[in-house]
Amino acid sequence: MVMAAESHSHILAVDDSVIDRKWIEKLLKTSSFQVTVVDSVSKALEFLGLQEAEQKNHHQEMKVNLIITDYSMPGMTGYDLLRKIKESKSHKDIPVVIMSSENIPSRINRCLEEGAEDFFLKPVQLSDVNKLRPHLLGWRTLVKV
């Protein structure tokens, strides 16, 4: 029953590093999640239909149940993505998890205070992916993009 719920859970993973992107995708797929990976915050916003202003006529019918994003990326950071998600009327309930190779307590606290569900230190492990389950299973409403 849990596997059925997870196999219908769609995670958007955002990381500019091709190695980290492939690693998180492999971990998530191994855990039976549907995964979409993008290499920048701007591509994540485009995928979600949040580029510039919210686009109501976005044709994508994918449901995103959780976003996991790297913190440090060129241009916009994972923190910027978190803020855009939490400011969006239609996407504010999507859980966001931030990951980083840098263990900076002030950064971690700022992300958690802004609404991140969790903060993972890289390299992300299978045990970290297992921590996503309560966020997915506890989130009853699926958001259509």
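In this text the structure is predicted, and so the values were computed from the model without any measurement.

A. Region of interest: the side chain of D128. Tracing the sequence through the fold places D128 in helix α6 (residues 126-130). With a relative accessible area of 11%, D128 lands in the buried category. In this structure D128 touches F120, L121 and P123, once residues within four positions along its chain are discounted.

B. Up close: the confidence of the model for the chain. In this model, the chain carries an average pLDDT of 86, and 81% of its residues clear a pLDDT of 70 or more. Confidence scores differ between elements of the chain, with strand β7 (residues 143-144) showing the lowest mean pLDDT of 45 and strand β5 (residues 96-100) the highest of 98. Ignoring residues within four places in sequence, the model shows residues 53-59, a span with pLDDT below 50, making nine contacts including any to other chains. In this model, residues 140-145 is a region of pLDDT below 50 whose contacts with residues beyond four sequence positions or in other chains number 19 contacts.

C. Looking closely at the nonpolar core. Grouped together as the largest cluster of nonpolar side chains are 24 residues, with contacts concentrated most on L12 and I67. Secondary-structure elements contributing two or more residues to this core are β1 (10-14), α3 (41-48), α4 (78-87), β5 and α5 (105-114). Ranked by residue count, the leading element in this core is α3, at five residues. Excluding anything up to four places from it in sequence, I67 contacts L12, V14, L48, L81, I85, I94, P95, V96 and V97. Membership of the second largest hydrophobic core comes to 16 residues, among which are V97, F120, V124 and L136.

D. Structural context of the pairing of β1. When you tally the buried positions in β1, you get five out of five residues, the bulk of the element. Of the two faces of β1, both are covered, the one formed by H10, L12 and V14 as well as the one formed by I11 and A13. Pairing between β1 and strand β2 (residues 34-38): five bridges, direction parallel. Within β2, the position partnered with L12 by the bridge is T36. For the handedness criterion, the β-α-β arrangement of β1, helix α2 (residues 18-30) and β2 is classed as right-handed. Relative to strand β4 (residues 66-70), β1 runs parallel, the two being bridged by four bridges. Of the residues in β4, the one forming a bridge with V14 is T69.

E. Main features of the side chain of T77. With respect to the secondary-structure elements, T77 resides in the loop between β4 and α4. Those residues within four positions of T77 in sequence are excluded, and the remaining contacts are V41 and Y71.

F. Summary view of the packing of aromatic side chains. Across all of its chains, the model carries zero aromatic pairs by this definition. The ring of Y79 has R110 lying over it, and the distance from NZ or CZ to the ring centre is 3.9 Å.

G. Molecular detail of the sheet that holds β1. Taken together, five strands build an open sheet; the order of strands is β2-β1-β4-β5-β6 and the sheet is parallel. Two strands in the sheet have a free side with no partner beyond their single neighbour: β2 and β6 (118-121). Here the strands of the sheet are splayed against their neighbours by 20° on average, with no regard to which way each runs. Sheet strands in contact with α4 are β1, β4 and β5, and its direction is about 175° off that of β5. α5 rests against β5 and β6 of the sheet, and its axis sits at about 150° to β6.

Calculation criteria
Residues numbered from 1 in each chain as written. Predicted model: local features only at pLDDT ≥ 70, side-chain atom pairs only at ≥ 80, totals over all residues. Heavy atoms only, no water. Helix = DSSP H or I, 4+ residues; strand = E, 2+ residues; numbered from the N terminus. Buried < 20%, exposed > 50% of the residue type's maximum accessible area, 1.4 Å probe, protein only. Contact = heavy atoms within 4.5 Å. pLDDT = per-residue confidence, 0-100. Core = buried A, V, L, I, M, F, W, Y, C linked by side-chain atoms within 4.5 Å. Pairing = 2+ DSSP bridges. Right-handed = clockwise from strand over helix to strand, strands pointing away. Phe/Tyr/Trp six-rings, centres within 6.5 Å; stacked < 30°, edge-to-face > 60°. Lys NZ or Arg CZ within 6 Å of the ring centre and 35° of its normal. Axes fitted to C-alpha atoms, helices over the stretch in contact; angles between N-to-C directions.

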